[in-house]
Amino acid sequence: MQQDQFAEPRLDKTYTPSDSEKGWYSEWEKEQLFAANPETANDSGNYSVLMPPPNVTGMLTMGHVLNNTIQDIYVRWNRIKGKNVCWFPGLDHAGIATQTKVEKQIAEQGLSRHDLGREEFLDKVWEWKNKYGGIILEQLRSLGVSCDWNRTLFTMDEKASNAVQEVFVRLFDDGLIYRGKRIVNWSPVAQSALSDEEVLFKEVAEHIYTMRYVSEDGNTTLHVATVRPETIFGDVAVAVNPNDERYKHLIGTKVRVPIVDRLVPVVGDDHADPEFGTGAVKITPAHDPNDFYVGERHNLAMHNTINPDGKLNELAGPYAGMDRFDARKKIVQDLQEADLMESIEDYTHNVGFSERGGEPIEPYLSDQWFVKMEPLAQPALEVVRNGEINFYPSHWTKTYEHWMTNIRDWCISRQLWWGHRIPVYYTEDGQFTAARNEDEARQKLGNYQGALRQDEDVLDTWFSSWIWPMTTMNWLVDGEDETEEMKTWLPSDLLVTAPDIIFFWVARMIMASLKFKGRIPFKDVYFTSLIRDAQGRKMSKSLGNSPDPLEIIGKYGADAVRFTVIYSAPIGQDIRLEVNKKTQDIATMEIGRNFANKIWNAARFLDMKRSEADYETADLPENLDLADEWIAQRYNNTLKLATKALDDYKLHEYARHLYDFIWSDFCSWYVEIVKLKSFKLESSEQKRKLINFAFDIFRRTLKLLHPVMPFLTEELWNRLEFGEGMISVESAPEYIELEASDVKADFEIIMQMVEKVRALRGTMNVPPHEKPKALVSTVQPAISQLTQEYAHLLEGLARLQDTTVTESTKRPDGFVAVVLDDVQVFVELAGIIDIDEEVQRIEKEIQRLQGLVKGTEKKLSNEK
């Protein structure tokens, strides 16, 4: 028998991701593999993705890992399918987050932004941005994301800023932007309005205070519950539910606000919940969003009694100048002394805190700029309902519909200096207009010649983000309304984002794109899972339960991290990662690392056999045998299932199909079969075709694996010299042309026999070097023929010898049987194991199982 000659391997014994990842990324960038040209003619079509722009202050998180891996999978998949692909990257200026960082920086020098003035402070912000901003984009490279970095857009770039200004002016001229007094989330530290997204809710243990409101005639006392007695000076009514029998007779009467000594009406309103507290609630429209709408419905006055810094104002009388929480304690004390406090009870509820300043936010009535949302919402709702835009998972459609049908106007002004300054100009006598510059403002104001003042506020960060699909594609650059990028890539194909910004960003992008371009911004929206720790808590820096992804990538490799998060993330379900607090290791990352090592070892085996192959010719065996045909069918089926999983946005299924095929079918079975067959074959030509075929299966599999594990596949593609170029721009994986056959069923019979015999060997402690004889008993002629033809596989894989086929069903002495459907395999173990000892072991096991049965029966018969 001719022995194989193993070539010196070109692959190291173990895979070390850090040795190749940085090198390959540099090579990809050097070759400009991800650069996109909108004018490239392409028969395969176009494909584009918009990166949700991370904050300029941001650092890589596990959420970014998941989100960007998903995007990269689709970008790489469509690139190797031959499409003209563009992934648009960028950064968000993160108004309040960035300003807060710079304010903290200058505070170390004993300065505030007001000491510097607006222009000098903004210079400091730009200095900080140029030095520290955008670190996250470099970190994303370590993950392997394949963006067209030449197109990186910062939301404060000139072209983006010009578009933001244009949108504001157009909406103002259309009557869709207005200035008005509304309740907003107010940060007393930043002294600015905040978006809902910048408010974090925490469970807080406080008290609920029940106060006595005496009727105008002094004959009735109404007990009113509140958690915020410090807002009592803004009380303008008490509300009761009109269906509450206890209070309906009081509607229309007046009660006296304790301490304040002001008479206010009792109004009937559904906002009052008969089941909460006493069922009667104080109405303070300037300090509670729900009270604000009650005030609007009943035409009530709105008294703002708290200053922007969180201190009570002159309307609070003797409490003026006190911090809101200090005032609460003093007011409670005074109410008790005046015998106007009925009760104080413990009360735990959710309180909103500023994400940046960390202080409790104040619901605050103030003059702000708003966008009228209803006229924009209806078209944006319709394109989701009619399927022009599809959500994955689809249940988010209902959430979207609910919000869009109950939409409220959007507060777009922020009392900050960093951001897009509101393009509104005021005359000395209070007239104002929106304009692109002062000259235009003067014309719109009737050729006004006096001094003009631009609004001091800036726009909400989301106001630049909602036109992201257009600004990334150079909208209005050089006056172009329909750019080449838009002609090619708008609408984009996919948006991957977190579900918690479906309203802040997704809905608003749809509105803006329909308003200004008359078409949808994207076709599909994939909402990612949340990443949670072992206790089910959302991973966050504030909880200290989120590891540093760069450290995890350093330990396990980018591909292992990418594969693990995708493998672990069924669509619509959250991911749980258990982090070792001491080492910061994540046990589940072993899935990806072990998988990468398995692939590497298979590649190394093939590489050592290359002296027997010339696989660049890729010619296949003329007559595939059972194992070859089986692995070809399994590959084809995996390609079909994995492709469908990608089409359906079921990425975890894509990863699992790959894992099962590569780990089990290819490595655990076919590689072992190739080893056996290559030793058996005498003909060098037969060996060449066998190794070629194994290489060809592996080559095709690397293409299918590439989108999720780009570094490993690039390394192996080039080390094994599968092509002149890189796998990153190779063609898509191809099916193997096969005639239909029942090979799967046939081969699985062999597999089952092997698995049963292996299990028997393990149970009976048969030493690995022992190769017992075997008889295969079957009355099925087809199975008999199959076993005779492929006895060498059964013998090699199950470590048997002299396998013969018989129709006799009687077990010979000294043999042990394993049973399958229509087949028994008798394995001769006499002389190999101690039969008496084995009988004793089995009898003990029988006794143990019988004891378990009796114990279970006893429990089941016990009625208790």
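A brief look at the structure comes next. Values in this document were obtained by computation on a predicted structure and should not be read as measured data. (Residues numbered from 1 in each chain as written. Predicted model: local features only at pLDDT ≥ 70, side-chain atom pairs only at ≥ 80, totals over all residues. Heavy atoms only, no water.)

## As for the overall build of the protein chain
Helix and strand content of the protein chain: 27 helices and 29 strands. Sorting the 864 residues of the protein chain into buried and exposed places 53% on the buried side. Long-range pairs, those at least 24 residues apart, make up 78% of the contacts in the protein chain between residues at least 6 apart in sequence. For the protein chain, the centre of its 99 positive side-chain charges and the centre of its 137 negative side-chain charges are spaced 3 Å apart. (Helix = DSSP H or I, 4+ residues; strand = E, 2+ residues; numbered from the N terminus. Buried < 20%, exposed > 50% of the residue type's maximum accessible area, 1.4 Å probe, protein only. Contact = heavy atoms within 4.5 Å. Lys, Arg positive; Asp, Glu negative; His and termini not counted. Charge placed at Lys NZ, Arg CZ, Asp CG, Glu CD.)

## Section: unusual backbone geometry
With an omega dihedral of -5°, the bond running from tyrosine 392 to proline 393 counts as a cis peptide bond. Residue placement: proline 393 occurs in the loop between strand E15 (390-392) and helix H11 (396-405). A cis amide bond links leucine 490 with the next residue in sequence, proline 491, at an omega value of 5°. Considering the arrangement of structural elements, one finds proline 491 in the loop between helix H15 (484-489) and strand E22 (492-497).

## What about the packing of aromatic side chains?
Pairs of aromatic rings are described using the distance from one ring centre to the other and the angle between the two planes. For the coordinates displayed, the defined rule picks out 48 aromatic pairs. Taken together, a centroid distance of 6.3 Å and an interplanar angle of 80° make the contact between tyrosine 670 and phenylalanine 693 edge-to-face. With a gap of 23 residues between them, tyrosine 670 in helix H21 (residues 651-680) and phenylalanine 693 in helix H22 (residues 684-705) connect regions that are remote in the sequence. An aromatic cluster of at least three residues, connected via ring pairs, comprises Phe168, Phe172, Trp369, Trp410, Tyr426, Phe432, Phe463 and Trp466. Directly above the aromatic system of tryptophan 669 lies the positively charged group of arginine 758, at a separation of 5.3 Å from the ring centroid. (Phe/Tyr/Trp six-rings, centres within 6.5 Å; stacked < 30°, edge-to-face > 60°. Lys NZ or Arg CZ within 6 Å of the ring centre and 35° of its normal.)

## Examining the nonpolar core
In terms of nonpolar packing, the biggest core is built from 145 residues, with Phe666 and Phe698 touching the most fellow members. Considering every element that reaches this core, the biggest residue donor is H21, with 14 residues. In contact with phenylalanine 698, other than residues within four places in its own chain, are Ile599, Ala602, Ala603, Leu606, Phe666, Leu716, Leu720 and Phe722. (Core = buried A, V, L, I, M, F, W, Y, C linked by side-chain atoms within 4.5 Å.)

## Quick notes on H22
In this model, H22 (22 residues) spans 31 Å end to end at C-alpha, consistent with the 32 Å of a helix rising 1.5 Å per residue. Counting buried positions along H22 yields 19 of 22 residues, so the element is predominantly enclosed. (Expected span 1.5 Å × (residues − 1).)

## Some thoughts on the sheet that holds strand E19 (residues 432-434)
The sheet built from three strands is open, its strands ordered E19-E18-E20 with antiparallel pairing. Among the strands making up the open sheet, the edge pair consists of E19 and strand E20 (453-454). The pairing of strand E18 (residues 424-426) with E19 spans three bridges and is classified as antiparallel. From the neighbouring strand, valine 424 faces E19, where its bridge partner is alanine 434. On the sheet, helix H7 (residues 158-173) packs against E18 and E19 and is oriented at approximately 125° with respect to E19. (Pairing = 2+ DSSP bridges. Axes fitted to C-alpha atoms, helices over the stretch in contact; angles between N-to-C directions.)

## Points about the packing of H11 against helix H16 (residues 502-516)
Packing of H11 against H16 brings their axes to within 11 Å, and their N-to-C directions diverge by 80°. The angle between H11 and H16 places the two elements in the roughly perpendicular class. Contacts from Trp396, Thr399, Tyr400, Trp403 and Met404 in H11 reach Ile502, Phe503, Ala507, Ile510 and Met511 in H16. Within the contact of H11 with H16, the residues separate by chemical class into nine nonpolar, one polar and no charged. (Parallel < 35°, antiparallel > 145°, perpendicular 65-115°, else oblique. Nonpolar A, V, L, I, M, F, W, Y, C, P; charged D, E, K, R; others polar.)

## Details of the pairing of strand E1 (residues 46-50)
In terms of residue burial, E1 counts as a mostly covered element, since four of its five residues are buried. Here E1 runs beside strand E2 (residues 84-88); their pairing, made up of five bridges, is parallel. For valine 49, the partnering residue across the bridge sits in E2 and is tryptophan 87.

## Section: the side chain of glutamine 71
Among the secondary structure elements, glutamine 71 is positioned in helix H2 (residues 62-80). With residues up to four places along the chain from it excluded, the contact list for glutamine 71 reads Val49, Leu50, Met51, Pro52, Trp87 and Val496.

## Section: the sheet that holds strand E14 (residues 362-371)
The sheet built from four strands is open, its strands ordered E6-E5-E14-E16 with antiparallel pairing. Looking at strand neighbours, the two that pair on one side only are strand E6 (192-194) and strand E16 (410-411), the edges of this open sheet. Of the pairings in the sheet, the one linking strand E5 (residues 177-187) to E6 comprises three bridges and is antiparallel in character. Residue pairing across strands places asparagine 185 opposite leucine 194, the latter belonging to E6.

## A look at the packing of H21 against H22
Two numbers describe how H21 lies on H22: the axes approach to 12 Å, and their chain directions differ by 170°. Taken together, the axis directions place H21 and H22 in an arrangement best described as roughly antiparallel. Side by side, H21 and H22 meet where Tyr654, Leu658, Phe661, Ile662, Phe666, Tyr670, Val674, Lys677 and Ser678 of the first sit next to Lys687, Leu690, Ile691, Phe693, Ala694, Ile697, Phe698, Thr701, Leu704 and Leu705 of the second.

## Brief notes about helix H26 (residues 791-798)
Every buried residue belonging to H26 is among Ala791, Leu793, Leu794, Leu797 and Ala798, and all of these are buried. Buried residues along H26 cover an arc of 165° about the axis, so they all sit on one side. Arginine 799 sits one or two positions beyond H26 and adopts a positive phi of about 60°. (Arc of directions from axis to C-beta.)

## Some words on a nonpolar patch on the surface
A contiguous nonpolar patch, built from Met59, Tyr132 and Ile135 and spanning about 240 Å² of accessible area, is present on the exposed surface. Relative to the helices and strands, tyrosine 132 resides in helix H5 (residues 118-132). By relative accessible area, tyrosine 132 is classed as partly exposed at 35%. (Patch = residues over 30% accessible without salt bridge, like charges linked within 9 Å, V, L, I, M, F, W, Y side chains within 5 Å. Areas by Shrake-Rupley, 256 points an atom, 1.4 Å probe, with all protein chains shown as cover. Salt bridge = Lys/Arg side-chain N within 4 Å of Asp/Glu carboxyl O.)

## Considering a negative patch on the surface
A surface patch of like charges, here negative, comprises Glu119, Glu120, Asp123 and Glu127. Looking at the element boundaries, glutamate 119 is found in helix H5.

## Describing the pairing of E14
When you tally the buried positions in E14, you get nine out of ten residues, the bulk of the element. Relative to E14, E5 runs antiparallel, the two being bridged by ten bridges. Paired with lysine 181 across the strands is aspartate 367, a residue of E14. Taken together, the two bridges between E14 and E16 define a ladder with antiparallel strand orientation.

## A few points about the pattern of salt bridges
A full pass over the atoms with the stated rule returns 53 salt bridges. Among the ionic pairs, aspartate 72 bridges to arginine 76, the shortest N-O distance being 2.8 Å. With aspartate 72 and arginine 76 both in helix H2 and four residues apart, the pair spans about one turn of that helix. When its relative accessible area of 0% is taken as the criterion, aspartate 72 is described as buried. Residue arginine 76 is classed as buried on the basis of its relative accessible area of 0%. We note a salt bridge from lysine 444 to aspartate 173, for which the minimum N-O separation is 2.8 Å. Highlighted residues: lysine 444 in helix H12 (residues 438-444) and aspartate 173 in helix H7, separated in sequence by 271 residues. Relative accessible area serves as the criterion here: at 33%, lysine 444 is assigned to the partly exposed category.

## Digging into the environment of glycine 430
Mapped onto the fold, glycine 430 is located in the loop between E18 and E19. The sequence separation of glycine 430 and arginine 453 amounts to 23 residues, and the corresponding C-alpha distance is 9.9 Å.

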